[in-house]
Amino acid sequence: MSQAAESDRMQKLVSLCKRRGFVFQGSEIYGGLRSTYDYGPMGAELKRNLMAEWWRFMVHSREDIVGIDASILMSPEVWRSSGHLAGFSDPLVDCKLCGERFRADKAPKKAAGEAATITFADKGRAKDLQALAQTLAGGPLTRVEKALTGAIAGDRGYVCPNCGSPFMSEERQFNLMFRTSLGPVDPIADVIAAVRSASSEGANEGEIRARVEAAMKDSSIYLRPETAQAMFVQFLNVQQSMSMKVPFGIAQMGKSFRNEVTVEHFIFRSCEFEQMECEYFVPPGEGPKYLEYWKEARVRWWQSIGLRAENLRLRAHEADELAHYSDGCWDVEYLFPWGWDELEGIASRTDFDLKAHSAGSGKRLTYFDPEAIDPATGKKGWHYLPHVVEPAAGATRGVLAVLCDAYDEEPADAEGKGERVVLRLHPRLAPIKAAILPLVKKDGMPEVAREIAGRFLARGINAKYDEQHSIGKRYARHDEVGTPFCLTVDTQTLSDQTVTIRYRDDRRQERIRIDEAVDVIAAALR
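Let us look at the structure shown here. (Residues numbered from 1 in each chain as written. Predicted model: local features only at pLDDT ≥ 70, side-chain atom pairs only at ≥ 80, totals over all residues. Heavy atoms only, no water.)

1. Thoughts on the overall build of the chain
So, point 1. When its secondary structure is counted, the chain shows 16 helices and 27 strands.
So, point 2. On the principal axes, the C-alpha backbone points of the chain span a range of 90 × 80 × 45 Å.
So, point 3. By sequence separation, contacts in the chain at least 24 residues apart represent 66% of the contacts at least 6 residues apart.
So, point 4. Just so you have it, the chain exposes about 26,000 Å², and 51% of that area is on carbon and sulfur atoms.
So, point 5. Looking at charge distribution, the chain has the averaged site of its 69 positive side-chain charges lying 3 Å from that of its 76 negative ones. (Helix = DSSP H or I, 4+ residues; strand = E, 2+ residues; numbered from the N terminus. Contact = heavy atoms within 4.5 Å. Areas by Shrake-Rupley, 256 points an atom, 1.4 Å probe, with all protein chains shown as cover. Lys, Arg positive; Asp, Glu negative; His and termini not counted. Charge placed at Lys NZ, Arg CZ, Asp CG, Glu CD.)

2. Points about the pairing of strand β16 (residues 328–336)
So, point 1. For β16, a buried count of seven out of nine residues is recorded, marking the element as mostly surrounded by other parts of the structure.
So, point 2. In the sheet, strand β15 (residues 312–316) pairs with β16 via five bridges, with the strands oriented antiparallel. Note that in β16 the partner of Leu 314 across the bridge is Val 332.
So, point 3. Both β16 and strand β17 (residues 339–350) contribute to a ladder of nine bridges, which runs antiparallel. Its bridge partner lying in β17, Tyr 334 is registered against Asp 341.
So, point 4. Two successive antiparallel strands, β16 and β17, enclose a turn made up of two residues. (Buried < 20%, exposed > 50% of the residue type's maximum accessible area, 1.4 Å probe, protein only. Pairing = 2+ DSSP bridges.)

3. Some details on the sheet that holds strand β3 (residues 65–67)
Two strands in a sheet stick together by hydrogen bonds in their backbones, pointing the same way (parallel) or opposite ways (antiparallel).
So, point 1. Across the sheet, which stays open at both edges, the seven strands sit in the order β3-β13-β14-β20-β17-β16-β15 with mixed pairing between neighbours. Strands with a single pairing partner mark the edges of an open sheet, and in this sheet they are β3 and β15. Ignoring strand direction, the axes of neighbouring strands in this sheet form an average angle of 25°.
So, point 2. Relative to the sheet, helix α10 (residues 287–304) contacts β3, β14 (272–282), β15, β16, β17 and β20 (387–394), its axis offset from that of β17 by approximately 150°. (Axes fitted to C-alpha atoms, helices over the stretch in contact; angles between N-to-C directions.)

4. Overview of the side chain of Gln 275
So, point 1. Following the sequence through the fold, Gln 275 ends up in strand β14.
So, point 2. Taking relative accessible area as the criterion, Gln 275 reaches 9% and is therefore assigned buried.
So, point 3. There is a polar contact of 2.6 Å between the side chain of Gln 275 and the side chain of Ser 256.
So, point 4. If we ignore the near neighbours within four places in the chain, the residues touching Gln 275 are Met 51, Pro 225, Glu 226, Thr 227, Gln 252, Met 253, Gly 254, Ser 256, Arg 258, Ala 393 and Ala 395. (Polar contact = N/O pair within 3.5 Å; in protein donor to acceptor, adjacent residues only side chain to side chain.)

5. Focus on helix α5 (residues 123–137)
So, point 1. Taking 1.5 Å of rise per residue, 15 residues should cover 21 Å, and α5 covers 20 Å from first to last C-alpha, within 8% of that figure.
So, point 2. Along its length, α5 reaches its greatest deviation from straightness, about 45°, at Gln 130.
So, point 3. Residues Ala 126, Leu 129, Gln 130 and Ala 133 constitute the buried set of α5.
So, point 4. At its buried positions, α5 is contacted by β8 (142–144) and β9 (147–152).
So, point 5. The N-cap of α5, judged by a side-chain oxygen 3.1 Å from the amide nitrogen of Gly 124 a few residues on, is Asp 122. (Expected span 1.5 Å × (residues − 1). Bend = angle between axes of the 7 residues up to and from the residue.)

6. Examining helix α13 (residues 445–458)
So, point 1. Given a rise of 1.5 Å per residue, 14 residues ought to cover 20 Å, and the 20 Å separating the end C-alpha atoms of α13 matches this to within 8%.
So, point 2. Those residues of α13 hidden inside the fold are in contact with β23 (434–438), β24 (463–465), β25 (485–489), α15 (491–496), β26 (498–503) and α16 (514–524).
So, point 3. Note on α13: the residue one or two positions beyond its end, Gly 460, has a positive phi of about 80°.

7. What to know about the sheet that holds β9
So, point 1. Across the sheet, three strands lie side by side as β7-β9-β8; this open sheet has antiparallel pairing. Both outer strands of the open sheet, β7 (115–119) and β8, are each paired with one neighbouring strand and no more. The average undirected angle you get between the axes of adjacent strands in this sheet is 30°.
So, point 2. When β8 meets β9, the two strands line up antiparallel, connected through three bridges. The partner of Val 144 across the bridge, within β9, is Ala 147.

8. So, the pattern of salt bridges
So, point 1. For the structure shown, the criterion picks out 44 salt bridges.
So, point 2. Taking the shortest distance from any N to any O, the salt bridge between Asp 64 and Arg 62 comes out at 2.6 Å.
So, point 3. The class for Asp 64 is buried, based on a relative accessible area of 19%.
So, point 4. Where Arg 349 meets Asp 353, a salt bridge forms, and the shortest distance between an N and an O atom there is 2.7 Å. (Salt bridge = Lys/Arg side-chain N within 4 Å of Asp/Glu carboxyl O.)

9. Remarks on a nonpolar patch on the surface
So, point 1. A surface patch of nonpolar side chains, about 250 Å² in accessible area, is lined by Ile 72, Leu 73 and Leu 182.
So, point 2. Within the secondary structure, Leu 73 is located in strand β4 (residues 73–74).
So, point 3. The class for Leu 73 is partly exposed, based on a relative accessible area of 38%. (Patch = residues over 30% accessible without salt bridge, like charges linked within 9 Å, V, L, I, M, F, W, Y side chains within 5 Å.)

Right, dumping it as structure tokens:
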């Protein structure tokens, strides 16, 4: 499929998400807020179902993994020990022409001295900024329609991803963690006092910043940028309270926050997102073995919930991509409309995390295996820091991958009929499992349909009674939200207690008895 066709497909999917209640722009009636999204009734159900499937696979289907639900707010010392406070930052630059701010390491590259065409949204914008561009270039530039030519890339080589300009500010470090304050006293007064004092003493910018940081230190905390660290911090509490034996895992799902400079591709990369992570603790030296196990297991899981095998691949990290402490990492990548991109990472993190938190907290975070031979003594009984393999998936990215994979358009037949848009969601992920439809709103059909819907709800199966519009429009509506089964109550129902069941994927229809309808659909959800 061409790039233009894929872009069109993505636009159609985004439109469907709003029209059918999957995803809305956050704060939309106030003009929206960049990189924030609200999940509507269908989206909330889909995301919950996806995360429930992950929890069932990772926790409820095995004995060696348990779950926790940790606080979003943690001691700042956690982030200092983990390295996030010192290293969780990106180099940022500003385009001097259009004002776009972006990560320097992600910008388009050109060779120094190579021609850089600057392109704007329209001719008026190009005309307005031509004089500024020529000043920055130190010479004349030619304007053709909405483009300026004659500029060249500088020594740093990157150009603005928005307009193509090579005129950039100096790089500045930008911390990806959201900072807030904890406590009853607003730290702004302390900040103002620190700035006034430093300024009156003639302090330079670095000294002023240091004093502001000192003034804010006691109240500053951060929204977590990942769910992983709580599982390391609570390692001993979980292991001892649950009598877990290595190898074992701790799983957690929940929200994380990153002050991303570049947000893109709808819900794929945003500042607020949900993760599904597991820290699997293993004996020293066994990380590579369990890395192999988890990378294969996780790909199989994504396939089990409906993602097509041809749209999934495993990619090993190159040596220059690996963190200094890691001895191996794989990405599960999905073929999104814009190309292959990360859906989940599986990393062998050695003992870096437990060692860092042990040093930072002063607490011993070792595990004792009474049967293992201690390499130092040659005797039974070994205290050691477990190594960790981490399968870390994005729940919001998972929702987008599921929607992309399920979205389908069927053309009309030779008679010009039958064209439809359908979401071929796995039945367990579908927001609505069954739609109960009276053929008409009279003759007792609504009453029978509502009674059938009640049976489904009593069994914990999300069913929806729907009587609005013609039966054809209702089928089309439920195809678009991925409802796998529609049960229609008609005239025959009133005489023989059967309903028509319609299957979403092939539109096949057959009669089944009312008293077996719940069992038929429940079986399809196993």
